[in-house]
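Residues per chain are reported as follows:
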Amino acid sequence: MIISIANQKGGVAKSTTAINLAAGLALEGRKVLLIDTDPQTNTTRVFIHPDIELDLEKTLYNSLIKLSPLSTIIRHTKFPNLDIVPSHIRLSSADLELAQALDNRSERLKRAIGNLKDKYDYIIIDSPPSLGLITINSFTASDKLLIPVSTGFFAMTGLVQLQETVEMVKQNQLNPNLEIMGVLCTFADNTNVSKDVNNQLRAHFGDLVFNTSIPKNVSLEEAHSRHTHIFEHAPNSAGAQAYKELVKEVLSR
Ligand SMILES: Nc1ncnc2c1ncn2[C@@H]1O[C@H](COP(=O)(O)OP(=O)(O)OP(=O)(O)O)[C@@H](O)[C@H]1O
Ligand SMILES: [Mg+2]
């Protein structure tokens, strides 16, 4: 199953969710491929230390623009069952380069994944904070969408546009079967704003909202800076507990 983690709003915990969902599924014995499509390379840098230079040829850029197969780009991480396709800062111009491409510019990622789909139980795609062609490629390649929503003020902004983009991808026949798997409340706390957003999301998305909410938890941020996932960095933290619950929900959906 291929799952895109997406929301064009920045800083809502897309990468944190992609990393820890992928790691949690791998710990449950599932074979997982994590694809970083964000030129910011945050997810990539959790698994490949920032001191190590990324060879452009061995990153997603080459797959999307030069059409090289993903199988030549995949790297094992130090964690069992967890492989990664690294991003590259050059991907920041990929939207423009793809826009000029005449053939299959929305289906590049889908084609690059090809029958790798059968080699992995889950392919998790981390998306950039935009609804450009990279994100359209993620949506076209995916079976399901997981939308993290930060439960602060303005949380709902942009969700209608996100849903319209999903409909566009379905109606243009790019991916008629794309479905929203779930909406995940992130940065949850005990404030009224956080509770209000949770209620608004439930009113709008109903059962699509995951029962699990991810609380504000500094261990999640620390794990990134230690170049690992939350289950290794702080297995007893509130963040680890919450992502573990999310893994269970994803396995059951
Ligand atoms: N539950 C949490 N509690 C505390 N900090 C968090 C939590 N989730 C994420 N963070 C931190 O918040 C910041 C934004 O998270 P993250 O990078 O995952 O968001 P994003 O949606 O991927 O951002 P972008 O849109 O830039 O790609 C990071 O510094 C991350 O470590
Ligand atoms: Mg991110």
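Residues numbered from 1 in each chain as written. Chains lettered and ligands numbered in written order. Predicted model: local features only at pLDDT ≥ 70, side-chain atom pairs only at ≥ 80, totals over all residues. Heavy atoms only, no water.

Chemist: Would you mind showing me how to read the site of ligand 1 here?
Modeler: Every one of the 18 residues lining ligand 1 counts as a neighbour, but K14, S15, T16, N217 and E221 are closest to it. At 2.9 Å from an oxygen atom of ligand 1 is found a main-chain nitrogen or oxygen belonging to V12. Within the backbone of S15, an N or O atom sits 2.8 Å from an oxygen atom of ligand 1. Burial of ligand 1 by the protein amounts to 84% of the accessible area it has alone, namely 630 Å². If you list the elements that add at least two residues to the shell around ligand 1, you get α1 (14–27), β8 (209–215) and α9 (218–225). (Near = heavy atom within 4 Å. Polar contact = N/O pair within 3.5 Å; in protein donor to acceptor, adjacent residues only side chain to side chain. Areas by Shrake-Rupley, 256 points an atom, 1.4 Å probe, with all protein chains shown as cover. Helix = DSSP H or I, 4+ residues; strand = E, 2+ residues; numbered from the N terminus.)

Chemist: Would you take a moment to explain the packing of α1 against helix α11 (residues 238–252) for this structure?
Modeler: Helix-helix packing is described using two parameters, namely the angle between the two axes and the distance between the axes. Contact geometry for α1 and α11: axes closest at 9 Å, N-to-C directions at 70°. In terms of orientation, α1 lies roughly perpendicular with respect to α11. Within the contact between the two elements, α1 uses T16, T17, N20, L21, G24 and L25 and α11 uses Y243, L246, V247, V250 and L251. (Axes fitted to C-alpha atoms, helices over the stretch in contact; angles between N-to-C directions. Parallel < 35°, antiparallel > 145°, perpendicular 65-115°, else oblique. Contact = heavy atoms within 4.5 Å.)

Chemist: Sorry if this is basic, but what is going on with the environment of P215 here?
Modeler: By secondary structure assignment, the location of P215 is in strand β8. P215 gets classed as partly exposed once you look at its relative accessible area, which sits at 25%. Residues P215 and F187 lie 28 residues apart in sequence; the distance between their C-alpha atoms is 5.0 Å. (Buried < 20%, exposed > 50% of the residue type's maximum accessible area, 1.4 Å probe, protein only.)

Chemist: Can you walk me through the nonpolar core in this structure?
Modeler: Most often, soluble globular proteins keep nonpolar side chains buried together rather than apart. Of all hydrophobic cores here, the largest spans 35 residues; its most connected members are L21, L82, I124 and V250. Top contributing element to this core by residue count: α1, with seven residues. What I124 contacts, discounting residues up to four positions off in sequence, is I3, I5, A18, L21, A22, L25, V32, L33, L34 and I35. Among the nonpolar cores identified, the runner-up in size contains 23 residues, and L64, I65, L109 and I134 belong to it. (Core = buried A, V, L, I, M, F, W, Y, C linked by side-chain atoms within 4.5 Å.)

Chemist: Is there a simple way to think about the packing of aromatic side chains in this case?
Modeler: Each aromatic ring pair is described using two quantities: the centre-to-centre distance and the angle formed by the ring planes. Scanning the model with the defined rule gives one aromatic pair in all. Arranged with centres 6.2 Å apart and planes meeting at 90°, the rings of F47 and F79 form a pair that is edge-to-face. One end of the pair, F47, is in helix α2 (residues 42–47); the other, F79, is in the loop between β3 (75–76) and β4 (82–85), and 32 residues separate them in sequence. A single burial state applies to F47 and to F79, both of which are buried. (Phe/Tyr/Trp six-rings, centres within 6.5 Å; stacked < 30°, edge-to-face > 60°.)

Chemist: Sorry, what's going on with the environment of R30 here?
Modeler: By secondary structure assignment, the location of R30 is in the loop between α1 and β2 (32–36). Counting along the chain gives 92 residues from R30 to Y122, while the straight-line C-alpha distance between them is 7.2 Å. If we ignore the near neighbours within four places in the chain, the residues touching R30 are L25, N81, D121, Y122 and L251. At 3.0 Å, the side chain of R30 and the backbone oxygen of E28 are in polar contact.

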